[in-house]
Amino acid sequence: MENKKKKRYGIIAALLLLVLAAGVGTYAWLTATQTKVNEFTVGSIDKPEVKPDPDQPNKPGTDPTNPSVDGYLFETKWTDKSKMVPGTVINKNPNVGIGKDSDSSYVFIYVKNAIVKDVEGKLAKTPYFTINNGWTKVDGEFTGKAVTNGTEGQYVSGLFVYTNNTSAPAALAPSDGKAAYTGELFSQVSIPNTLNSTDVVQSPAMTVSCYIFGADQKGDKADAATNALEQAKEWAKTQAQA
């Protein structure tokens, strides 16, 4: 009798083990998993694929750029080693462009004028330019602020921002799969009648540099335009001291 009880308990125990095993297997069978891979990208500011249109400098032309020579800044009418003659003008037309796949960007141009010695009446003798519509001077007490020659709209150096004929910095953005251009900051440099050859430094030069700032970069400022202006001013300081 005792042996029969032991056998019966043994059978029950075996059955319980089978039930538990079945439960574990069912639990594993009904699980599910999922993974999501989210790819990120970074912005880019590419060089234009074509040069600006000679007749419409705020639009892309058809002449392809040379990757090893051309960058973002173009001066299609400048002739190297142009001779300064008092009372004349020299073609010089800085224009900034970005490629068709570029992020929208704020654009600045800094002009450094190193032509006239530190002489009496220097400003009146310094070659100057008149900025075109679509640009404005950048205000503020900093090394690279725009300097006039005493006449409204006429400047000898300084920092300028693309505004696209508005009162604030404007983002330059490609459209229709084409490069985008700001248009010319100015179109020519005027040589004052009062300039004498003895007033000119040994290697006279007017250096034009551009600063392009992605329009999505707000940082800790109120908006991206404010951040762009602050960054451009800091950059202009380095250009003025170079």
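Treat the numbers as computed from the prediction; the structure is a model and nothing was measured. The residue count restarts for each chain, going from 1 along the sequence in the order it is written. Totals for whole chains, interfaces and linings use all residues, but because this is a predicted model, local features are given only for residues with pLDDT of at least 70 and pairs of side-chain atoms are given and counted only at 80 or more. Computation of side-chain values: all heavy atoms of the structure, hydrogens and water removed.

Q: How should the overall build of the protein chain be read in this particular structure?
A: Helix numbering and strand numbering both begin at the N terminus, where a helix is a DSSP run of H or I of at least 4 residues and a strand a DSSP run of E of at least 2. Scanning the protein chain for helices and strands turns up 3 helices and 14 strands. Think of it in three bands: residues with accessible area under 20% of the maximum for their type are buried, residues over 50% are exposed, and the middle band is partly exposed, with areas taken using a 1.4 Å probe on protein chains only. Across the 242 residues in the protein chain, those meeting the buried criterion constitute 35%. Any two residues having at least one pair of non-hydrogen atoms within 4.5 Å are treated as being in contact. Taking the intrachain contacts of the protein chain between residues at least 6 apart in sequence as the baseline, contacts between residues at least 24 apart amount to 71%.

Q: What exactly am I supposed to notice about the sheet that holds strand β12 (residues 180-184) here?
A: Within a sheet, adjacent strands bond to each other through the backbone by hydrogen bonds, running parallel or antiparallel. Criterion used throughout: strands pair if DSSP finds at least two bridges between them. Taken together, 3 strands build an open sheet; the order of strands is β3-β5-β12 and the sheet is antiparallel. Sheet topology places β3 (73-74) and β12 at the edges, where each strand pairs with a single neighbour. Strand direction decides the pairing type here: β3 and strand β5 (residues 95-98), joined by 2 bridges, are antiparallel. When the bridges of β5 are listed, Leu-73 appears paired with Val-96.

Q: Got a minute to help me understand the packing of aromatic side chains in this structure?
A: Two aromatic rings are characterised by how far apart their centres lie and by the angle between their planes. Each aromatic pair joins two rings of Phe, Tyr and Trp (for Trp, the six-membered one) with centres within 6.5 Å, and gets the label stacked for planes under 30 degrees apart, edge-to-face for over 60, and tilted for any other angle. Tallying each qualifying case throughout the model produces 9 aromatic pairs. Ring geometry for Phe-108 against Tyr-211: centres 6.2 Å apart, planes inclined by 55°, an arrangement best described as tilted. In this pair, Phe-108 is assigned in strand β6 (residues 105-116) and Tyr-211 in strand β14 (residues 200-214), connecting sequence segments 103 residues apart. Residue Tyr-211 is classed as buried on the basis of its relative accessible area, which comes to 17%. Both rings, one in Tyr-211 and one in Phe-213, keep their centres 6.3 Å apart while their planes meet at 25°; by these two values the pair is stacked. A relative accessible area of 8% places Phe-213 in the buried class.

Q: How do you make sense of the pairing of strand β10 (residues 154-162) when you look at a structure like this?
A: Consecutive side chains along a regular strand alternate between the two faces of the sheet. Where burial is concerned, most of β10 is hidden: 9 out of the 9 residues are buried. Examined bridge by bridge, β6 and β10 share 4 bridges and lie antiparallel to one another. Its bridge partner being in β10, Phe-108 is matched across the sheet by Val-161. Here strand β7 (residues 128-130) runs beside β10; their pairing, made up of 2 bridges, is antiparallel. Across the sheet, Phe-129 pairs through a bridge with Tyr-155, a residue of β10. Pairing analysis gives 3 bridges linking strand β8 (residues 135-137) to β10, with the strands arranged antiparallel. By the bridge assignment for β10, Trp-135 is matched with Tyr-162. Between strand β9 (residues 147-148) and β10, which follow one another and run antiparallel, lie 5 residues, and Gly-150 among them has a positive phi close to 105°.

Q: Just to check I follow, could you spell out the side chain of Ser-190 for this structure?
A: When you line up the elements, Ser-190 lands in strand β13 (residues 188-190). With relative accessibility at 14%, the residue Ser-190 sits in the buried group. Ignoring sequence-local partners within four residues, the contact set of Ser-190 consists of Thr-88, Val-89, Pro-127 and Tyr-128.

Q: Honestly, the pattern of salt bridges in this entry has me stumped. Any pointers?
A: A side chain of one charge can pair with a side chain of the opposite charge when the charged atoms of the two come close. Only one rule defines a salt bridge in this text: a Lys or Arg side-chain nitrogen within 4 Å of an Asp or Glu carboxyl oxygen. Going through the model one piece at a time under the given rule, you end up with 8 salt bridges. Here Asp-101 and Lys-100 are joined by a salt bridge, their closest N and O atoms 3.1 Å apart. Residue classification places Lys-100 among the partly exposed positions, given a relative accessible area of 37%.

Q: Explain unusual backbone geometry here, please?
A: Leaving glycine aside, a negative phi is the common case for residues, and trans is the common case for peptide bonds. Even without a glycine there, the phi angle at Lys-81 is positive, about 65°. Within the secondary structure layout, Lys-81 lies in the loop between β3 and β4 (89-91). Phi angles above zero are rare outside glycine, and Asp-176 is one such case at about 55°. Looking at the secondary structure, you find Asp-176 in the loop between β11 (171-172) and β12.

Q: Is there a simple way to think about the nonpolar core in this case?
A: The nonpolar side chains of soluble globular proteins are, as a tendency, buried together. Within the largest apolar cluster, 27 residues are counted, with the highest numbers of intra-cluster contacts made by Val-111, Phe-129, Phe-160 and Leu-185. Looking at this core, the elements that each hand over two or more residues are β5, β6, β10 and β14. Throughout, nonpolar core names a set of buried Ala, Val, Leu, Ile, Met, Phe, Trp, Tyr and Cys residues whose side chains join them through atoms within 4.5 Å. Tyr-110, Leu-159, Phe-213 and Trp-235 belong to the second-largest nonpolar core, a separate cluster that totals 16 residues.

Q: Just to check I follow, could you spell out helix α3 (residues 224-241) for this structure?
A: What sets the pattern is the α-helix's 3.6 residues per turn: residues three or four places apart point alike. The span you would expect from a helix comes to 1.5 Å times its residue count less one. For α3, with 18 residues, the first-to-last C-alpha span of 26 Å sits near the 26 Å given by 1.5 Å per residue. Of all the residues in α3, the buried ones are Ala-224, Ala-225, Asn-227, Ala-228, Ala-232, Trp-235 and Ala-236. Check the buried side of α3 and you find it contacts β6, β10 and β14. For α3, the capping residue at the N-terminal end is Asp-223, with a side-chain oxygen 3.3 Å from the backbone nitrogen of Ala-225. We call two N or O atoms a polar contact when they sit within 3.5 Å, provided that within protein one can donate a hydrogen and the other can accept it, with sequence-adjacent residues counted only if both atoms are side-chain atoms.

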